[in-house]
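Below, each chain spelled out in residue letters.
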Amino acid sequence: MIGTLQNSRATIAKAVRERVAGDFEAQHAEIWRDGERWFGQHDAIWRVHADTSMFIGAIRALLMQALHPVAMQAVAEHAGFRADFWGRFQRTSRYLALTTYGTVPDAERAIAAVRAVHRRVTGTTPDGRPYSADDPHLLMWVHVAEVDSFLNAFQAFGAETLTAAEADDYVRQTGSIAARLGVIDPPSSVTKLTEILESYRPELSGSGPAREASSLLLVHPPFTGLPRAGYHLLAAGAVSTLPAWARVELLLPALPVTERVLMRPLARSAIHALRWVLSGAELSLTT
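The structure reproduced in this document is the subject of the present report. The shown structure was predicted, so the numbers you read here are calculated from the model rather than taken from an experiment.

1. Thoughts on the overall build of the protein
Next, step 1: Of regular secondary structure, the protein possesses 14 helices and two strands.
Next, step 2: For the protein, the share of sequence-separated contacts (at least 6 apart) that also reach a separation of at least 24 residues comes to 75%.
Next, step 3: Here the protein has roughly 13,700 Å² of accessible surface; of this, 58% comes from carbon and sulfur atoms.

So, in structure tokens, the structure goes:
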């Protein structure tokens, strides 16, 4: 019975890892080469990015990022948000893993590869505005929406929580990577992160492509059966951490009592189950 349970646990862990990371064994070998690294296992960025709350943070980040019409236009035209959902997810996962855990040369190569892709992503919005993926202003929005989401998800659903000083460390450490990607003067504290997020409010809109992305992420995710039910719990957890103004833009209801009493505990249970599955796998990214 115990052997069957452990085999099932390993099978599920392998399926989750490969869905998120693609060829997980190849990525595992690539990340854990010997060499100097930017961060260590006690750094805030390592602790946040290694936690299963990242699954919730990733959903929240995509919802937040979709609120910028120009950024969403670039994703819709060039990144295959609907047609290549998992391919995009896996590429982002690989980038985060390499820049957080990988050797310095591998992290630098990952950043250079993304910068090369950004230089090719150009276009014009429906209202005639030219855009480029390497525009520092757009890069900043993508960065702050992502960092805010990962941090909020970790503080709400992580296996631990960061102190205020550690949270500032996390923002600063992620900013050091963002600067190499082309973000000018990224935030180095939670206070500054919040200020920058607020400064983008006049540019954000939940209409059109943003709500299409929201529908894909929350109503019609690319799952079936039991995984779909589990995903919906994680998505509900992500929505529960969105700021009120983002929910208004995306036409998402605010149900504080229901979320506090029902949705957050259910999402936390789903994360605990996922953490149990992955912690028992020999394929753990952090071993």
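2. Let's talk about the packing of helix 8 (residues 136-157) against helix 10 (residues 190-199)
Next, step 1: Between helix 8 and helix 10, the least distance of the axes is 10 Å, while the angle of their chain directions is 125 degrees. Classified by the interaxial angle, the pair formed by helix 8 and helix 10 is oblique. In the crossing of helix 8 with helix 10, the sense of the turn from one axis to the other is left-handed. In contact with M140, W141, V144, A145, V147, D148 and L151 of helix 8, helix 10 contributes V190, L193, I196 and L197.
Next, step 2: Residue composition of the contact of helix 8 with helix 10, grouped by class: 10 nonpolar, no polar and one charged.

3. Describing unusual backbone geometry
Leaving glycine out, the prevailing phi sign among residues is negative, and the prevailing peptide bond configuration is trans.
Next, step 1: You will see that D185, though not glycine, has its phi angle at about 55 degrees, which is positive.
Next, step 2: Mapped onto the fold, D185 is located in the loop between helix 9 (164-181) and helix 10.
Next, step 3: In this structure D185 comes out as exposed when scored by relative accessible area, which is 61%.
Next, step 4: Phi is positive for L251, close to 60 degrees, though the residue is something other than glycine.
Next, step 5: Mapped onto the elements of the fold, L251 is located in the loop between helix 13 (244-250) and helix 14 (256-279).
Next, step 6: Classification of L251 by relative accessible area gives exposed; the value is 61%.

4. Brief notes about the nonpolar core
Next, step 1: Of all hydrophobic cores here, the largest spans 77 residues; its most connected members are M64, W141 and Y170.
Next, step 2: Looking at which element gives the most residues to this core, the answer is helix 8, with 13 residues.
Next, step 3: Beyond its immediate chain neighbours, meaning those up to four positions away, M64 contacts W141, A145, S149, L197, L242, P243, W245 and A246.

5. Here we look at the side chain of T103
Next, step 1: With respect to the element layout, T103 can be found in the loop between helix 6 (85-101) and helix 7 (104-120).
Next, step 2: Take T103: its relative accessible area is 5%, and that puts it in the buried class.
Next, step 3: Ignoring sequence-local partners within four residues, the contact set of T103 consists of I31, R33, D34, G35, E36 and R37.

6. Digging into the packing of aromatic side chains
Next, step 1: Here the structure, examined in full by the defined rule, presents four aromatic pairs.
Next, step 2: Relative to W46, the ring of W32 lies with its centre 5.7 Å away and its plane at 55 degrees, an arrangement referred to as tilted. Here W32 is found in the loop between helix 2 (24-31) and helix 3 (44-49), whereas its partner W46 is found in helix 3, with 14 residues between them in sequence.
Next, step 3: By relative accessible area, W32 is classed as partly exposed at 23%.
Next, step 4: For the ring pair W141 and Y200, a centre distance of 5.3 Å and an interplane angle of 40 degrees mean the geometry is tilted. On the criterion of sequence distance, the pair formed by W141 in helix 8 and Y200 in the loop between helix 10 and helix 11 (209-218) is long-range, its members being 59 residues apart.
Next, step 5: The aromatic ring of W38 is capped on one face by R180, whose charged end is 4.1 Å from the ring centroid.

7. A few points about the pattern of salt bridges
Next, step 1: Overall, the coordinates contain nine salt bridges when judged by the stated rule.
Next, step 2: R47 is the salt-bridge partner of E160, the closest N and O atoms lying 2.8 Å from each other. Of this pair, E160 sits in the loop between helix 8 and helix 9 while R47 sits in helix 3, and the two are 113 residues apart along the sequence.
Next, step 3: Assessed through its relative accessible area of 33%, E160 is described here as partly exposed.
Next, step 4: A relative accessible area of 19% means that R47 is categorised as buried.
Next, step 5: Across the pair D148 and R60 runs a salt bridge whose closest N-O atoms are separated by 3.0 Å.

8. Side note on the environment of P265
Next, step 1: By secondary structure assignment, the location of P265 is in helix 14.
Next, step 2: For P265, a relative accessible area of 30% translates into the label partly exposed.
Next, step 3: As a C-alpha pair, P265 and G237 span 28 residues in sequence and 8.7 Å in three-dimensional space.

9. So, the side chain of H49
Next, step 1: Its place among the elements puts H49 in helix 3.
Next, step 2: A relative accessible area of 13% means that H49 is categorised as buried.
Next, step 3: Looking at H49, its side chain comes within polar contact range of the side chain of Y170, at 2.8 Å.
Next, step 4: Sequence-distant contacts of H49, that is, excluding residues within four places in its chain, are made with M54, L96, T100, Y101, F150, Y170 and T174.

Definitions and cut-offs
Numbers given for residues are sequential positions, taken from 1 along each chain in its written order. It should be noted that, the model being predicted, local features are given only for residues of pLDDT at least 70 and side-chain atom pairs only at 80 or more, the latter also being counted only at that level, while totals for whole chains, interfaces and linings use all residues. Side-chain measures were taken over the full set of non-hydrogen atoms in the model, leaving aside hydrogen atoms and water. In DSSP terms, a helix is any run of H or I states spanning at least four residues, a strand is any run of E spanning at least two, and both are numbered starting from the N terminus. Pairs of residues are marked as contacts when any of their non-hydrogen atoms sit within 4.5 Å. For the area figures, the Shrake-Rupley method with a 1.4 Å probe applies, and any residue is considered shielded solely by the protein chains shown. For helices, the fitted axis covers only the stretch in contact; all axes are lines through C-alpha atoms, and the angles between them, taken along N-to-C directions, range from 0 to 180 degrees. With respect to orientation, any angle under 35 degrees is reported as roughly parallel, any angle over 145 as roughly antiparallel, any angle of 65 to 115 as roughly perpendicular, and every other angle as oblique. Should the near helix be turned counterclockwise from the far one by less than a right angle, the crossing is left-handed, whereas a clockwise turn marks it as right-handed. Amino acid classes used here: Ala, Val, Leu, Ile, Met, Phe, Trp, Tyr, Cys and Pro are nonpolar; Asp, Glu, Lys and Arg are charged; the rest, including Gly, are polar. In this scheme, a residue with accessible area under 20% of its type's maximum is buried, one over 50% is exposed, and one in between is partly exposed, where area comes from a 1.4 Å probe on protein chains only. To qualify as a nonpolar core, a set must consist of buried Ala, Val, Leu, Ile, Met, Phe, Trp, Tyr and Cys residues joined through side-chain atoms within 4.5 Å. Between 30 and 60 degrees the pair is tilted, below 30 it is stacked and above 60 it is edge-to-face, where a pair is any two Phe, Tyr or Trp rings, Trp via its six-membered ring, whose centres lie within 6.5 Å. Our definition puts a charge over a ring when NZ of Lys or CZ of Arg is within 6 Å of the ring centre and also within 35 degrees of the ring normal. For this document, the term salt bridge refers to a Lys or Arg side-chain nitrogen within 4 Å of an Asp or Glu carboxyl oxygen. In the analysis that follows, any N or O atom pair within 3.5 Å is treated as a polar contact, provided that within protein one partner can donate a hydrogen and the other can accept it, and provided that, for residues neighboring in sequence, both atoms belong to side chains.

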